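A look at the structure
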Amino acid sequence: MKQIESKQTYDSLINDSQVTILKYEANWCPDCKRLDLFIEDIMNEHSDKNWAQIDIEQFPEITEENEVMGIPSLLVYKNGEKVGHLHSANTKNPDQVKEYLSDF
């Protein structure tokens, strides 16, 4: 999964006409590591989407702007708009994540 390293990369991804899914995370987060155990299979099932991850500590202003209150969170963007937000409480198992992404 691509790592967001700049505000410009973030802006480019979320403004794409293709659906972009950003995983908000931090390297100290145990639930983020749990999500990592099964997210690759889900990414393969949704290979038509852009995928990236963003460290909340590296980009606190983006995290706040997107109202990310818990991690990991999966946010969906298209054409510069946030069109979906899967909060951390609902990222605990593959079935929850798959059901959420089925709408996109």
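Residues numbered from 1 in each chain as written. Predicted model: local features only at pLDDT ≥ 70, side-chain atom pairs only at ≥ 80, totals over all residues. Heavy atoms only, no water.

Regarding the sheet that holds strand E4 (residues 73-78)
Strand pairing in a sheet takes place through backbone hydrogen bonds and is either antiparallel or parallel in direction. Strand order in the open sheet made by the 5 strands is E1-E3-E2-E4-E5, with mixed pairing throughout. Among the strands making up the open sheet, the edge pair consists of strand E1 (2-3) and strand E5 (81-86). Bridge count between E4 and E5: 5 bridges; the pairing is antiparallel. Among the inter-strand pairings, valine 76 is bridged to a residue of E5, identified as glycine 84. Along the sheet, helix H1 (residues 7-14) makes contact with E1, strand E2 (20-25), strand E3 (50-55), E4 and E5, crossing E2 at roughly 140°. Contacting E2, E3 and E4, helix H2 (residues 30-45) crosses the sheet at an angle of about 165° to E2. (Pairing = 2+ DSSP bridges. Helix = DSSP H or I, 4+ residues; strand = E, 2+ residues; numbered from the N terminus. Contact = heavy atoms within 4.5 Å. Axes fitted to C-alpha atoms, helices over the stretch in contact; angles between N-to-C directions.)

Quick notes on the packing of H2 against helix H4 (residues 94-101)
For the pair H2 and H4, interaxial distance at closest approach is 10 Å and the crossing angle is 35°. Like other packed secondary-structure pairs, H2 and H4 cross with a definite hand, here right-handed. Of the residues in H4, those touching H2 at Leu35, Phe38, Ile39, Ile42 and Glu45 are Pro94, Val97, Lys98 and Leu101. When the residues that make up the contact of H2 with H4 are grouped by side-chain class, the tally is 7 nonpolar, no polar and 2 charged. (Left-handed = near helix turned anticlockwise from the far one by under 90°. Nonpolar A, V, L, I, M, F, W, Y, C, P; charged D, E, K, R; others polar.)

Details of the packing of aromatic side chains
Overall, the coordinates contain 2 aromatic pairs when judged by the stated rule. Aromatic side chains tyrosine 10 and tyrosine 77 sit 6.2 Å apart centroid to centroid with 85° between the ring planes, which places their arrangement in the edge-to-face category. With tyrosine 10 in helix H1 and tyrosine 77 in strand E4, the pair connects residues that are 67 residues apart, well separated along the chain. Tyrosine 77 shares its class with tyrosine 10; the two are buried. Their ring planes at 70° and their centres at 5.5 Å tell us that tyrosine 100 and phenylalanine 104 sit as a pair that is edge-to-face. (Phe/Tyr/Trp six-rings, centres within 6.5 Å; stacked < 30°, edge-to-face > 60°. Buried < 20%, exposed > 50% of the residue type's maximum accessible area, 1.4 Å probe, protein only.)

Worth remembering: the numbers are spatial, not functional.
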